[in-house]
Every structure is written in structure tokens, then in C-alpha cells.
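Residue strings, one per chain:
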Amino acid sequence: MISNESGEYLINLSKQTIKHYLKTNQKMEKPTEYPKELNEDLGVFVTLNKNNNLRGCIGYAEPVKPAIDATMDVAISAAFNDPRFPQLTNDEFDQLEFEVTVLTKPEIITVNNYEEYFNEIEIGRDGLIIQKGYLKGLLLPQVAVENNFTIKDFLEHTCMKAGISADSWMDESCDVYKFQGQIFK
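Student: I tried to follow helix α6 (residues 151-162) on my own but got confused; where do I start?
Tutor: Helical periodicity: at 3.6 residues per turn, an α-helix aligns residues three or four positions apart in one direction. Between its terminal C-alpha atoms α6 stretches 17 Å, which fits the 16 Å expected from 12 residues at 1.5 Å a residue. Looking at α6, one finds that the buried residues are I151, F154, L155, E156, T158, C159 and A162. On its buried side, α6 packs onto α4 (117-120), β5 (126-132), β6 (135-139), α5 (141-146) and β7 (175-184). At the C-terminal side of α6, G163 shows a positive phi close to 85°.

Student: Is there a simple way to explain the pairing of β5 in this structure?
Tutor: Side-chain positions along a regular strand alternate between the two faces of the sheet. Taking burial as the measure, the 7 residues of β5 include 5 buried ones, the bulk of the element. The sheet contact formed by β5 and β7 spans 6 bridges and is antiparallel. Bridge pairing links I129 to Y177 in β7. When β5 meets β6, the two strands line up antiparallel, connected through 5 bridges. Bridging from a neighbouring strand, L128 pairs with L139 of β6. Linking β5 back to β6 in an antiparallel pair, the connection comprises 2 residues, with G133 at a positive phi of about 65°.

Student: What should I look at first to understand the state of the cysteines in this one?
Tutor: Covalently bonding the sulfur atom of one cysteine to the sulfur atom of another cysteine gives a disulfide. All told, the structure shown has 0 disulfides when counted by the stated rule. The cysteine C159 is free of any disulfide, with C174 supplying the nearest cysteine sulfur at 5.3 Å. For C159, a relative accessible area of 0% puts it in the buried group.

Student: Would you explain the nonpolar core in this entry?
Tutor: The nonpolar side chains of a soluble globular protein tend to be buried, and buried together. Ranked by size, the top nonpolar core spans 30 residues in total, and within it I18, L48 and L88 carry the most contacts. Secondary-structure elements contributing two or more residues to this core are α1 (4-24), β1 (43-50), α2 (67-80) and β3 (96-103). Looking at which element gives the most residues to this core, the answer is α2, with 10 residues. Here L88 is in contact with I18, L22, R55, A79, F80, F93 and L96, once residues within four sequence places are set aside. Counting residues in each nonpolar core, the second largest holds 26 residues, with C57, L103, L140 and C174 among its members.

Conventions we followed
Residues numbered from 1 in each chain as written. Predicted model: local features only at pLDDT ≥ 70, side-chain atom pairs only at ≥ 80, totals over all residues. Heavy atoms only, no water. Helix = DSSP H or I, 4+ residues; strand = E, 2+ residues; numbered from the N terminus. Expected span 1.5 Å × (residues − 1). Buried < 20%, exposed > 50% of the residue type's maximum accessible area, 1.4 Å probe, protein only. Contact = heavy atoms within 4.5 Å. Pairing = 2+ DSSP bridges. Disulfide = S-S within 2.5 Å. Core = buried A, V, L, I, M, F, W, Y, C linked by side-chain atoms within 4.5 Å.

Remember, this is a structural readout, not a statement about activity or role.
Quick look at the structure:
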């Protein structure tokens, strides 16, 4: 995982990236000076909250690019491309709370019986990805805590996020992955 200083850097970077985009409608240049550990390919999510309500959340579940680049990309996407919300406005910017979650690489949970998931998933530690065919849903570790989910609730809501029936996690045709997240606010 990354240092607290790098996490703080990513929070500030996401704010600067969105502010620049609001002013210019263009992505800002990547800074030249930044913690070098952010060159590592990492999964990253940027979450925007307004008045303690979700205002946007987009990310890369897989480590597809350096954390610094991924953070800039998903900050813009969370503010302007989350299909659940209208594009962010200048008036809203000062009301936002920023959260960056840096992810470990997802690992598939292999079970012989779906009831074994209850021993493999820990609320507060694990995030989930559930995939059935081309459909995929992801919920960050903090979602289960914030909503007081049981493990069963967490599995069901991740299925619904994928657009599949809530009980699909019991189906052998579904793949369930877990990952951990380092959260910076």
C-alpha cells in the first residue's frame, strides 16, 4: 500500500484536477513533482460526497495504470461522467468531501459451496466484485460499513450493482472477488 503522505497527495490532486477541469473543460497536465511511489500501477477510486450523500464515485478496480494517472482520470469521471448524477457544477465544488481509495489487486474467492463465502469475506476489510459473464459489479469496503450490511447483504448489493439478480452470488456461474482498500479522506 502507499504512505499517508502519498494518500494526502492523491486527495489534493483529485481536488486540483476537478477544479482545473471546471475552469478549462480540459484535463490538467500531470505534475512533475510527486511521490514516486505513485508511479506504481494501482486500482484507484475517487468518491465525492456532498452533505454526507454520494455525489459521484468512479474508479479502476484493476491496476491498469500508475496511481497518479489513474487518480486524475477517475477524479474527472467521478465529477463529470458518473451516470447516476448530473455533471458537477462550480457552485457545488466547495461543498464536496473527497475520498480516494487505493485498492489491492482483486483475488477470486474459490469455494466448494456458496455458504463458504461467509468465512472468506470480512466486513470492513474487504470490498467485493461479482462477475457473471460480461456483467460486473463492485462495492468498496466502506460501503458495507456505511450501510450496516451483513455479508449476505454485501453480496446481494454487489450483484444488484452488476445488474444481476440479488441471489446470483450463490450461482456457480458467478465469480466473486475480494480486495482491500486504503481509504484517504
